[in-house]
Amino acid sequence: MKTNIVHLTVICLLLSGHTVEAQVDGHIRVPAEGEKTLLNSGWYARRANEIRIDGNRLSSSSFVADGWMKAKVPGTVLTTLLENHIFPAPEFSMNNNLIPDIHEIGRDFYTYWFVLPFRVEAWEPDQQIWLNFRGINYKADIFLNGKRLNTVTHEGMFLRKSFSVTPWLKPNEENLLAVIVYPPDYPGNPNGGQGGDGEIARNVTMQFTPGWDWIQPVRDRNTGIWDEVSITTTRAVRVQHPYVVTKVPGVRQPEGNQKDAVVRISAEVENTSDIVQKGTLTCETDGNRLTLPLTLAPREKRQVAFKDLTVMNPRLWWPNGIGKQELYDMRIAFETDGQTSDSRRLRYGIREITTGTSPETGGRIFRVNGQPVFITGGNYIASEWLLRLSPERYRAEVRFHAEMNLRMIRVWGGALLERPEFYEACDEFGLLVFQDLWGSGDCNGAWEDAMKLDSRERRREYPDNHDLFLASVEDQVKMVRNHPSLGLWCGGNEWPLAKDIDEKLKSEVFPRLDPERLFISYSTDTVFIGRNKTGVGDGPYGIQEPEWFYERHHPAFNPEAGSVGSPEVESMRLMMTERELAQVPQTGRAGGAAWRYHKDLGYGSQLERYGKVTDIETYCKYAQVVNYDQYRTFMEGWASHIWEWYTGILIWKTQNPWTSLRGQMYDYFLDVNASLYGTKKGCEPLHPLYNRLSGQVELVNTAPGKHAVTVKAQIYSLSGTVLWEKETDAYILPASVERLFFAPVPEQVEGVYFLKLTLSEAGREPTDNIYWLTTAEKDCTTLSALPECRPEVEISFEKTGREYTGTIRMETGRNISFFNRIKVFDRQTGDRVLPVHYSDNYVTLMPGDRKNIRLTFSSALPEERIAIVVDSWTSERLTFLIQKK
């Protein structure tokens, strides 16, 4: 038996996200005002029914670690069990079936105590110490040193809690924090329905955890202290919930000097003492200092506003592909006699989003700083299905979206209101966020559903606690509303929330807390998608013929339309056994049980158009070619009718939070697939394309600027011979399409040929767009007749700390080098280095072409362990060692 006083290694953060030293001789460091110390290590967990004393006794006794397991906080019960090797990894094969589901085994199995023994350094006499929880799922009681901190049991996944713990905290002595966490009251039956039997929606929690058509059930429904726990300090007056609104009148251009903008700043101040407090609220930003003298009565809480700040020649924030993402820092503090009582730091962008409907289509149009923005985007579920979240993973995922030339991420309503770290990445990379609240048509009664336990009418009244839902919305809106990337709010996925909730959100909550942003009741509301002649508000969700994307489809702004997205073979081998992988799907035959378990969507007959699928290698090889062409054509089809038919399109989906085999541009392991680069190509802001329906070469401009360019088209045989070419000069206006000329089908070719479009403009590198087309209907098998062609490759790298930055120069001679996939490996283990950000990939080189591909990644591996691999259709695998510049 041993008493454990954990010497915590913690992280102390400024509220804007900057780190400072946190550990002082093994004690928790008391942060200064405006900083926070994260309590993210040293936790223990144990099933609650094994503990025979209550929280008051447990937290007042000396902690003995025997019988307890080390816990993951932030994390869930299941992630703690997985880290202690109680169950196998549920992402692999069908291992998830080996983990007991809460519906079968009962809530007690996943009801756990989480305890944190710690010491804390002494604090100043007039300081208050606050214990903060940013997310507990689902219910909890919280105890510290024999005291129950919450007078009412905490309930709700999306509700922050903060407790003044100064009276019960012991400086330089053993302290024990104990939290008992209960699963959702209604975990639901994972019966194969969307959200299982729908009961999960009776709680205010994420709805996908009983399973969906793209994910298996989360067995504990993500029960746990799933988001950060921190300590902060103040003196008598707290500063909370700052709110920044920026006004940018007129129509602005991304470049050049700007007319004035206005910044409006308010905050909530609270006197936590029993005496009058006098002081000054200050705001500092970009060299400006605003002051507001205040006198606060005992226990008074007040919303206050500074006078408007006029910013001359502001640095504006723009969406990805339109302009730069300029950000400003701000500090708001309450000061008394030169001493800071409390402060808040935040980062904001100066931009104004306005919105209206297209007179032609009724589809929603977004304007940023006066400029209409054609929206290309993706649906995003959650970063990781068991909520193993991190700023690094968030940043990589958001960066992938920016690298696809997308402009919006929709956070889907069956998951989370995303964390501040996600929004910080979107701010940095210019991704507008379409943020759903917690509701879905499947669980909330949009239609009759035999898989659901309750009637449609009863489900329309979910959740059971409407006041909790509204309180959670209010709290979370205050948490993220200052991010310039936050574009709009949405009540529910494909169906409005309960009528009284929807009305209060529209008439009270958002007009009071965030009146500058659009709120729509549900994702397929006609005020958003436009006039709907088909009655279908979103979809479809499967693979399509290339020509389909150039036909007209309703709605004008489609919030969900999706297709395939199988990953690369290395990821497949981390998802299934070799025996399972061998059961590959083929035309007319589904894959084996593990393929179905991982929600394989299927490619129809499109893989066999390239050859016979005999094993997992040929399956993945052909899948990537189809992925690229499918998503390039997908995005080109919508862009070809910008404003005429469409105002926006959001792909369903661009990522998966687990090892799924559908709808993703990068996989669970953060490896990219060809869908990403097809999307990237199809979403280029200035882009030549080949209309697969009309046979025309077109030029699309989805950005604000005007351009005078030259577009050249060339048709090549498989041998690399130019069979036809045409060149024309074109002038294109902002956000428009020019139809240039027809490209013929070469009569002398049987099977596959190539069409290369090249765009040239003074002052910029030429860009190309290369199609592989066929004269034989739905038959590309002659690609196998391409002559062998090994590209010439030069590699140079720089390394700073853990960060690698490199350039791969590729060129070819007289032949075509087709579909070169670049990968990074650890030479010693054979494992991939992930994630890697490539400027391009799956690169095709026509005769005489030269291309530079830039890549960046972070790794602790030394240079001699890094190998760059090129897998090509037209040569054997090429492997290179990196060389410093």
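For clarity, every value in this text was computed on a predicted model and none was experimentally measured.

Caption draft 1: Layout of the side chain of Ser521. Mapped onto the elements, Ser521 comes out in strand S31 (residues 518-522). Note on Ser521: relative accessible area 6%, which makes it buried. One polar contact links Ser521 to Asp502, side chain to side chain, over a distance of 2.8 Å.

Caption draft 2: A look at the packing of helix H13 (residues 616-639) against helix H14 (residues 674-682). It is the contact of H13 with H14, at a shortest axis distance of 7 Å, that shows an interaxial angle of 30°. Viewed along their axes, H13 and H14 adopt a mutual orientation that is roughly parallel. Two packed elements cross with a definite hand, and for H13 against H14 that hand is right-handed. Every residue of H14 that contacts H13 at Gln624, Asn627, Tyr628, Tyr631, Arg632, Met635 and Glu636 is listed here: Ala674, Ser675, Tyr677, Gly678, Thr679, Lys681 and Gly682. Grouping the constituent residues of the contact of H13 with H14 by class yields 5 nonpolar, 6 polar and 3 charged.

Caption draft 3: Structural view of H13. End to end, H13 covers 34 Å across 24 residues, agreeing with the expected 34 Å (1.5 Å per residue, within 8%). Of all the 24 residues making up H13, 22 are buried; the element is thus mostly covered by neighbouring parts of the structure. Regarding H13, its N-cap is Asp615, as a side-chain oxygen of that residue lies 3.2 Å from the backbone nitrogen of Glu617 further along.

Caption draft 4: Representation of the packing of helix H7 (residues 466-480) against helix H8 (residues 499-513) within the structure. Contact geometry of H7 with H8 gives a least axis separation of 11 Å together with a crossing angle of 30°. Taken together, the axis directions place H7 and H8 in an arrangement best described as roughly parallel. In the crossing of H7 with H8, the sense of the turn from one axis to the other is right-handed. Taken together, the residues of H8 that come into contact with H7 (itself represented by His466, Phe469, Leu470, Val473, Glu474, Val477 and Lys478) are Asp500, Ile501, Lys504, Leu505, Val509, Phe510, Arg512 and Leu513. Counted by class, the contact of H7 with H8 contains 9 nonpolar, 1 polar and 5 charged residues.

Caption draft 5: View of the pairing of strand S16 (residues 237-247). The buried fraction of S16 is high, at 11 of 11 residues. Judged from the 9 bridges that link them, S16 and strand S17 (residues 261-271) form a sheet pairing that is antiparallel. Note that in S17 the partner of Lys247 across the bridge is Val262.

Caption draft 6: Local environment of the packing of aromatic side chains. Inspection of every chain in the model, using the stated rule, returns 54 aromatic pairs. When the centroid spacing of 4.5 Å and the interplanar angle of 5° are considered together, the rings of Phe158 and Trp438 count as stacked. With Phe158 in the loop between strand S12 (154-155) and strand S13 (161-164) and Trp438 in the loop between strand S29 (432-436) and helix H6 (456-459), the pair connects residues that are 280 residues apart, well separated along the chain. We note that Phe158, like Trp438, is buried.

Caption draft 7: Structural context of the pattern of salt bridges. Under the defined criterion, the tally for this structure stands at 71 salt bridges. Taking the shortest distance from any N to any O, the salt bridge between Arg302 and Glu300 comes out at 2.9 Å. Overall, the relative accessible area of 28% leaves Arg302 in the partly exposed class. Where Asp629 meets Arg632, a salt bridge forms, and the shortest distance between an N and an O atom there is 3.3 Å. Taken together, the residues Asp629 and Arg632, both in helix H13 and 3 residues apart, mark about one turn of the helix. Accessibility assignment for this pair places Asp629 and Arg632 in one class, buried. It is possible to trace a salt-bridge network through shared partners that takes in Glu568, Glu570, Asp671, Arg821, Lys823, Arg832, Asp871 and Arg877.

Caption draft 8: The sheet that holds strand S25 (residues 364-368), seen in detail. With antiparallel pairing, 3 strands are arranged side by side in an open sheet as S24-S25-S26. The open sheet has two edge strands with one neighbour each: strand S24 (353-357) and strand S26 (371-373). For this sheet, the mean angle separating the axes of adjacent strands, direction not counted, is 35°. Bridging between S24 and S25 involves 5 bridges; their strand directions are antiparallel. Its bridge partner lying in S25, Thr355 is registered against Phe366.

Caption draft 9: Highlighting the environment of Met206. Relative to the helices and strands, Met206 is located in the loop between strand S14 (175-182) and strand S15 (229-234). Residue class for Met206 comes out buried when judged on its relative accessible area of 0%. Sequence separation between Met206 and Leu416 is 210 residues, and the spatial gap between their C-alpha atoms is 6.1 Å. With sequence-adjacent residues up to four places away left out, Met206 is seen in contact with Met157, Phe158, Ile200, Asn222, Leu387, Gly414, Ala415 and Leu416.

Caption draft 10: Quick look at the nonpolar core. Counting residues in hydrophobic clusters, the biggest one holds 214 residues, and the most contacted among them are Trp43, Phe208, Phe754 and Ile868. With 13 residues, the single largest contributor to this core is H13. For Phe754, the contacting residues outside a window of four places in its chain are Gln714, Ile715, Tyr716, Leu718, Ile770, Tyr771, Trp772, Leu783, Leu786, Ile816, Phe818 and Met846. Grouped together as the second largest cluster of nonpolar side chains are 46 residues, Leu290, Leu309, Ile353 and Leu488 included.

About the criteria used
Residues numbered from 1 in each chain as written. Predicted model: local features only at pLDDT ≥ 70, side-chain atom pairs only at ≥ 80, totals over all residues. Heavy atoms only, no water. Helix = DSSP H or I, 4+ residues; strand = E, 2+ residues; numbered from the N terminus. Buried < 20%, exposed > 50% of the residue type's maximum accessible area, 1.4 Å probe, protein only. Polar contact = N/O pair within 3.5 Å; in protein donor to acceptor, adjacent residues only side chain to side chain. Axes fitted to C-alpha atoms, helices over the stretch in contact; angles between N-to-C directions. Parallel < 35°, antiparallel > 145°, perpendicular 65-115°, else oblique. Left-handed = near helix turned anticlockwise from the far one by under 90°. Contact = heavy atoms within 4.5 Å. Nonpolar A, V, L, I, M, F, W, Y, C, P; charged D, E, K, R; others polar. Expected span 1.5 Å × (residues − 1). Pairing = 2+ DSSP bridges. Phe/Tyr/Trp six-rings, centres within 6.5 Å; stacked < 30°, edge-to-face > 60°. Salt bridge = Lys/Arg side-chain N within 4 Å of Asp/Glu carboxyl O. Core = buried A, V, L, I, M, F, W, Y, C linked by side-chain atoms within 4.5 Å.

Fair warning: the whole summary comes from geometry, so function is off the table for now.
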